[in-house]
Amino acid sequence: MREKMKIDLHSHTHHSDGALSPKELVDRAHNMQLDALAITDHDTVAAIDEARSYQQSQKRPLWIIAGVEISTRWHGFDIHVLGLNLNHQDAGLLARLATQSQAREQRAQEMSAKLAKAGIEGIYADAKALAGVGQLTRSHFARALVKRGAVKDHEEAFKKYLGKDKRAFVKPQWPEIPEAISWIREAGGKAVLAHPARYDLSAKWLRRLLVFFAESGGQGMEVTHPQLAPDLKRQLASYAMEYGLEASAGSDFHFPGRWTELGRNLQFDSQLTPVWNDWQRPAA
Ligand code: AMP
Ligand code: MN
Ligand code: MN
Ligand code: MN
């Protein structure tokens, strides 16, 4: 891959909790003059074919990298593992993602039952309607709660009901990190630890996570995302060096907003090895 590409390796569509359709995301990537975009919906690869077939009708080039963001569980934390540049048609991967969807359904019904006990009836149906074709996430529950007027905003929905150990929290049935890594690698992808600075881990626990991730076959970690403080950014870069992990960068784009944009502000230390170093762009 040539240097100085504008690249974003973490984004969502309405196939999970993103606001845009795959087409709209591709259009936006063009407007932001991206050269490459990984689509990494939560536990689904449903957007990839749609995005690629739309891209084929476009004049401006854009390399669409097949990806996924897999939810895992580690010491009670929800840890997200990105699978990048994988074969999104891999039968094993698709079977595993189907079990993730089932776990999401199950959790959604249990969350809805807990909300009913708190006096908020029938949220499952509202969340499902908001999710539409997409994977059901807690974001949809948060939006449904806001719409009902049960909370004032997304943040309060998590603080009061959906966040860890809050009133409607249900322990999710996610796989362990090594399982997710093997799903990704068996589908030919690279396993990359998503947003290491967002788990609310102390430095000691973050190091533990990185050691475990690398020992489990993980190949890379996100070393930057928009709004990451410069000292944290330096810290993440030094961890990547120390633990022998390649570097990835993505906006974690969910919707157009004041603070979030595709491909913006994602540069990192040139001493790091980019995850895309050994990727070959397929012939168009
Ligand atoms: P899920 O994967 O269904 O557990 O949903 C997680 C999604 O909810 C994340 O990808 C975020 O987009 C969103 N989310 C998680 N925690 C919060 C929070 N505290 N405030 C706002 N959104 C959150
Ligand atoms: Mn999300
Ligand atoms: Mn995430
Ligand atoms: Mn994400």
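Remember, it's a predicted structure, so these values are computed and weren't measured experimentally. (Residues numbered from 1 in each chain as written. Chains lettered and ligands numbered in written order. Predicted model: local features only at pLDDT ≥ 70, side-chain atom pairs only at ≥ 80, totals over all residues. Heavy atoms only, no water.)

Tetrahedral coordination by four donors sets the ideal angle at the metal to 109.5 degrees; octahedral coordination by six donors sets it to 90 or 180 degrees. Every protein donor of the manganese ion (ligand 4) is listed here as His10 (NE2), His12 (NE2), Glu69 (OE) and Asp252 (OD), and their distances to the metal cover 2.1 to 2.2 Å. Every donor residue of the manganese ion (ligand 4) comes from the same chain, spaced as H-x1-H-x56-E-x182-D. Taken as a pair, the manganese ion (ligand 4) and the manganese ion (ligand 2) lie 4.8 Å from each other. (Donors = N, O, S within 2.8 Å, 3.2 Å for Na, K, Ca; no water.)

Turning our attention to the sheet that holds strand S7 (residues 246–249). Pairing is mixed in the open sheet, where seven strands are placed in the order S1-S2-S3-S4-S5-S6-S7. A strand with exactly one partner marks an edge of an open sheet, and here the two such strands are strand S1 (7–8) and S7. Pairing between strand S2 (residues 36–39) and strand S3 (residues 63–74): four bridges, direction parallel. Bridged to Ala38 within S3 is Ile65. Along the sheet face, helix H8 (residues 203–215) touches S3, strand S4 (77–84), strand S5 (190–193) and strand S6 (220–224) and points at about 175° away from the line of S5. (Pairing = 2+ DSSP bridges. Helix = DSSP H or I, 4+ residues; strand = E, 2+ residues; numbered from the N terminus. Contact = heavy atoms within 4.5 Å. Axes fitted to C-alpha atoms, helices over the stretch in contact; angles between N-to-C directions.)

Domains assigned within the chain are domain 1 (7–93 + 174–249) and domain 2 (97–162). Averaged C-alpha coordinates put domain 1 and domain 2 at centres separated by 24 Å. The partner domain 2 presents 14 residues to the 16 residues of domain 1 that form the contact. Between domain 1 and domain 2, a total of about 1200 Å² is buried, with carbon and sulfur atoms accounting for 53% of that surface. The largest contributions to the domain 1 side of the interface with domain 2 come from Asp17, Asp43 and Trp174, which together make up 42% of the buried area. Viewed at the interface, domain 2 and domain 1 are joined by ten residue pairs in polar contact (both at pLDDT 80 or more). Here the element with the most residues in the side of domain 1 that touches domain 2 is S3; it accounts for three residues. Of the residues that constitute the side of domain 1 that touches domain 2, the class distribution is seven nonpolar, six polar and three charged. (Domains from an automatic or database assignment. Buried area = accessible area lost by both parts, 1.4 Å probe. Polar contact = N/O pair within 3.5 Å; in protein donor to acceptor, adjacent residues only side chain to side chain. Nonpolar A, V, L, I, M, F, W, Y, C, P; charged D, E, K, R; others polar.)

Using the residue numbers shown here, the UniProt feature "domain: Polymerase/histidinol phosphatase N-terminal" (unreviewed entry) corresponds to residues 7–74. The distance from the first to the last C-alpha atom of residues 7–74 is 29 Å, and the span holds 29% helix and 26% strand. (UniProt positions renumbered as here; feature names shortened; annotations may be inferred.)

To find leftover empty space, one rolls a probe the size of a water molecule over the atoms. Of the voids in this model, the largest pocket is the one considered here, and its volume is about 1600 Å³. Residue lining of the largest pocket: 41 residues in total, with His80, Arg138, Ser139, Phe158 and Arg198 positioned closest to the centre. Put simply, the parts of the chain that give the lining of the largest pocket at least two residues each are S3, S4, helix H3 (91–117), helix H5 (138–148) and helix H6 (154–162). Examining the composition of the lining of the largest pocket, we find that four residues originate from one element, H6, more than from any other. Considered class by class, the residues forming the lining of the largest pocket number nine nonpolar, 16 polar and 16 charged. (1 Å grid on protein atoms, 1.4 Å probe; cavity = no way out; pocket = protein on both sides within 12 Å on 5 of 7 lines; lining within 4 Å. Points joined across faces, edges and corners; volume = space filled by probe spheres on them.)

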